[in-house]
Amino acid sequence: MMKTGRLFVLSGPSGVGKGTLREHALKNAPSLTYSISCTTRKPRDGETDGVEYRFISREKFQEDISRGLFLEYAHVHEDYYGTLKQDVVNELEAGHDVLLEIDVQGALQVREKMPDAVLVFVAPPSVEELERRLEGRGTEGKESLNVRLANAVKELALKDEYDYVIVNDDLENACEELKKIIL
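Residues numbered from 1 in each chain as written. Predicted model: local features only at pLDDT ≥ 70, side-chain atom pairs only at ≥ 80, totals over all residues. Heavy atoms only, no water.

## Thoughts on the pattern of salt bridges
Right, on to step 1. Applying the stated criterion across every chain, the model contains ten salt bridges.
Right, on to step 2. Put simply, E47 and R41 hold a salt bridge, and the shortest N to O gap is 2.9 Å. In terms of burial, E47 and R41 fall into one category: buried.
Right, on to step 3. The salt bridge involving R54 is made with D87; its shortest N-O contact spans 2.6 Å. Of this pair, R54 sits in strand β4 (residues 54-55) while D87 sits in helix α3 (residues 85-93), placing them 33 residues apart in sequence. (Salt bridge = Lys/Arg side-chain N within 4 Å of Asp/Glu carboxyl O. Buried < 20%, exposed > 50% of the residue type's maximum accessible area, 1.4 Å probe, protein only. Helix = DSSP H or I, 4+ residues; strand = E, 2+ residues; numbered from the N terminus.)

Here is the structure:
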């Protein structure tokens, strides 16, 4: 009988380095697959539909919610984000470990529906450092930046709900910590 894969959930505030940690984990853990989330937000420069996200309309997203197709979903920064349940189940049943990179609201929904999921919170060394990183990305206007920082404070307050907390103050160390959790 084939062993079922394990589900790992990576979350934390915008700009904390989740994407970089995810890329490193996928490169270093051959049995790990990444489940691509759906979103109603517009693609950023360089993003490709079906690679970073599945970019779908708000109407389609709401239809999928009503049909119960999401393992988790959330309304974040004025857009919807969500993970299709069947994508995750198919990979787990095929014996693959699955990594989700999702927001805190979504992670807590996954915990309710799949209690065996391993939740990993990525925290910044400080809110000031997070603000510096977000400004350095150059992808946010001042208003959007302020929304993301306010959300970050709320998300940081929930880090104790997670199985592991990685403080991303040194990328190499953070990558090693995640690798130890996954492998």
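## Remarks on the packing of aromatic side chains
Right, on to step 1. Enumeration according to the criterion identifies seven aromatic pairs in this entry.
Right, on to step 2. Centroid distance F61 to F70: 4.4 Å. Interplanar angle 20 degrees. Geometry classified as stacked.
Right, on to step 3. Residue class for F61 comes out buried when judged on its relative accessible area of 0%.
Right, on to step 4. Summarising the aromatic geometry, the rings of F61 and Y73 are spaced 6.4 Å apart at their centres and angled 70 degrees between planes, so their arrangement reads as edge-to-face. Of the two residues, F61 is situated in helix α2 (residues 58-66) and Y73 in strand β5 (residues 70-76); the sequence distance between them amounts to twelve residues.
Right, on to step 5. Three or more aromatic residues joined by ring pairs make a cluster, and in this case those are F61, F70, Y73 and Y80.
Right, on to step 6. Sitting above the plane of the Y34 ring, R22 keeps its charged end 4.4 Å from the centroid. (Phe/Tyr/Trp six-rings, centres within 6.5 Å; stacked < 30°, edge-to-face > 60°. Lys NZ or Arg CZ within 6 Å of the ring centre and 35° of its normal.)

## Comments concerning the sheet that holds strand β3 (residues 38-39)
Right, on to step 1. Strand order across the open sheet formed by four strands is β4-β3-β6-β5, with mixed pairing between neighbours. For this open sheet the edge positions go to β4 and β5, each flanked by a neighbour on one side alone.
Right, on to step 2. Here β3 runs beside strand β6 (residues 79-84); their pairing, made up of two bridges, is antiparallel. For C38, the partnering residue across the bridge sits in β6 and is G82.
Right, on to step 3. Its contacts with the sheet place α3 against β4, β5 and β6, and it is angled at close to 30 degrees to β6. (Pairing = 2+ DSSP bridges. Contact = heavy atoms within 4.5 Å. Axes fitted to C-alpha atoms, helices over the stretch in contact; angles between N-to-C directions.)

## Side note on helix α5 (residues 127-137)
Right, on to step 1. Listed as buried for α5 are E129, L130, R133 and L134. All buried residues of α5 project into a common sector of 135 degrees when viewed along the axis, lining one side. Away from the buried face of α5 by more than 90 degrees, exposed residues E128, R132 and G136 are located.
Right, on to step 2. Its buried side turned inward, α5 meets α6 (142-156). (Arc of directions from axis to C-beta.)

## Quick word on the nonpolar core
Grouped burial of nonpolar side chains is what soluble globular proteins tend to show.
Right, on to step 1. Residues F8, L10, L21, L32, V120, L178 and I182 are the most contacted members of the largest nonpolar core, which totals 22 residues.
Right, on to step 2. Counting residues per element, the ones that place at least two in this core are β1 (7-11), α1 (18-28), β8 (118-123), α5, α6 and α7 (171-182).
Right, on to step 3. Per-element tally for this core: the top contributor is α7, with five residues.
Right, on to step 4. Among residues more than four places away in sequence, those in contact with L178 are L10, L21, A25, V120 and I166.
Right, on to step 5. With 17 residues, the next largest nonpolar core counts L71, L100, L119 and Y162 among its residues. (Core = buried A, V, L, I, M, F, W, Y, C linked by side-chain atoms within 4.5 Å.)

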